[in-house]
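Results of the structural survey
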Amino acid sequence: MYSERAVPGLGVIWRVEQPTEPAAPSSAAPSDFSPSVSTIVPADGCADFVLRGDALLIAGPSTQWLRSPVDSATPTVGIRFAPGTAAAAFGRPLDALRDSLVPADVAIAGAVALRVASSMRALASGTRQDATELMREREFVPSLAHAIDADGGVSTAPVPWRRAALQAADAEDSLSALAHRIGFSERQVHRKMLAEFGYGFAALRRVRRGLRARLALDNGASLAQVAVRAGYADQSHFTREFSRMMGETPSQYARLRQVVAPSDAGAAGSGA
């Protein structure tokens, strides 16, 4: 079962209860952690702090699905940062973390990793109701933000060029059109994208297109309708790109949506 809370200025705080009898692992995507039990995590272009058991991990900006270890003994909790905003939280450029799942203390300052892990453990302890109430407490979010950045510099407030990049990707604009609109050279845009998003503008367009397709499928659109409306060149392009992002074909995803209640579907896209 999955629960989350959007927190202005920080991101999304989430918690997921793992199944008591998880599915058998697949060898489709090897993980550095070589888990005995794992689950598919679809790409969403975001980066997360993830607390699994007692280990704090960083899920880098995702442009393709990955296989993540499952800890069925305790809930997994995380902080998901909007695309383009995690670099400030991690204190480093994001491109080297793209599509990876690594221990936090090898990627960021050890003191920050310790503070964040300590603050997030409260979300993993107790019942789901306890965690939901904690997410709503006025004191918890500022304390978590302080754990991430003791100087208070972390913020997901919209930055004009980032907002323009997201809008351009949603409109299927070109890199040159985006660069012209925000007054940068294409090379400058690419460097800023790698540092702050963790991937280039073409990857951002693919991710946003995939998210539009997933939403349309969730709303009951046919495969043919989704391929056209989401901006894919043809059905084979749709199948190839969607599978790369979601870890399953559009038809497999659509069939699953028919047997999973909408209220439960959110867990499929949660954290790493």
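Predicted model only: the values in this text are computed from it and were never measured. Throughout, residues of each chain are indexed from 1 in the direction in which the sequence is written. Local features are withheld for residues below a pLDDT of 70 in this predicted model, meaning they are given only at 70 or higher, and side-chain atom pairs are given and counted only at 80 or more; totals for whole chains, interfaces and linings count all residues. Where side-chain values are given, they derive from all heavy atoms of the structure, hydrogens and water being excluded.

**Points about the overall build of the protein**
Secondary structure is summarised from DSSP: a helix means a run of H or I of at least four residues, a strand means a run of E of at least two, and numbering begins at the N terminus for each. What the protein contains, in helices and strands, is twelve helices and eight strands. Only heavy atoms enter the contact rule, under which two residues are in contact if any of them lie within 4.5 Å. Here the contacts in the protein between residues at least 6 apart in sequence split such that 71% fall between residues at least 24 apart. Every accessible area reported is derived by Shrake-Rupley at a probe size of 1.4 Å, with residue values counting cover from the shown protein chains alone. In the structure as shown, the protein presents an accessible area of about 12900 Å², 53% of it carried by carbon and sulfur atoms.

**Examining the packing of aromatic side chains**
Think of a pair of aromatic rings as described by two things: how far the centres are apart, and how the planes are tilted against each other in angle. Whether two aromatic rings pair depends on their centres lying within 6.5 Å, for rings of Phe, Tyr and Trp, where Trp uses its six-membered ring; planes under 30 degrees apart make the pair stacked, over 60 edge-to-face, and the rest tilted. Within this structure, the stated rule accounts for eight aromatic pairs. Residues Tyr232 and Phe238 carry aromatic rings whose centres are separated by 4.9 Å and whose planes lie at 35 degrees to one another, so their mutual orientation is tilted. Phe238 matches Tyr232 in its accessibility class, with the two residues each being buried. When the NZ atom of lysine or the CZ atom of arginine is within 6 Å of a ring's centre and also within 35 degrees of its normal, the charge is said to sit over that ring. Sitting above the plane of the Tyr232 ring, Arg209 keeps its charged end 5.7 Å from the centroid. Relative accessibility under 20% of the residue-type maximum defines a buried residue, over 50% an exposed one, and the middle range a partly exposed one, all with a 1.4 Å probe and only protein chains included.

**Description of the nonpolar core**
Within the largest apolar cluster, 35 residues are counted, with the highest numbers of intra-cluster contacts made by Phe49, Leu56, Ile58, Phe81, Phe90, Ile108 and Met120. Taken together, the elements giving at least two residues each to this core come down to strand S4 (47-52), strand S5 (55-59), strand S7 (76-81), helix H1 (86-90), helix H2 (110-124), helix H3 (128-136) and helix H4 (140-148). Among the elements that line this core, the one with the most residues is H2, at seven residues. Apart from residues lying up to four places away in sequence, Ile108 is in contact with Phe49, Ile58, Phe90 and Ala113. In plain words, nonpolar cores are sets of buried Ala, Val, Leu, Ile, Met, Phe, Trp, Tyr and Cys residues tied together by side-chain atoms within 4.5 Å.

**Section: the confidence of the model for the protein**
Per-residue pLDDT for the protein averages 85, and the proportion of residues at 70 or more is 83%. Known as pLDDT, the predictor's confidence for each residue is given on a scale from 0 to 100. A low-confidence stretch, residues 22-36 stays under pLDDT 50, and its non-local contacts, those more than four residues away or across chains, total 18 contacts.

**Let's talk about H4**
Looking at H4, one finds that the buried residues are Phe140, Val141, Leu144, Ala147 and Ile148. Along H4, the residues classed as buried sweep out an arc of 120 degrees about the axis, all on the same side. The arc in question is traced by the directions running from the helix axis to the C-beta atoms.

**Section: unusual backbone geometry**
Not every positive phi belongs to a glycine, and Asp99 is a case in point at roughly 55 degrees. By the secondary structure assignment, Asp99 is in the loop between H1 and strand S8 (101-103). The partly exposed category is assigned to Asp99, whose relative accessible area is 23%.

**Description of the environment of Ile58**
One can find Ile58 in strand S5. Accessibility expressed as a relative area gives 0% for Ile58, which makes it buried. With 49 residues separating them in the primary sequence, Ile58 and Ala107 have C-alpha atoms 7.8 Å apart. Setting aside residues up to four positions removed in sequence, Ile58 forms contacts with Asp48, Phe49, Phe90, Leu97, Ser100, Leu101, Val102, Ala104, Ala107 and Ile108.

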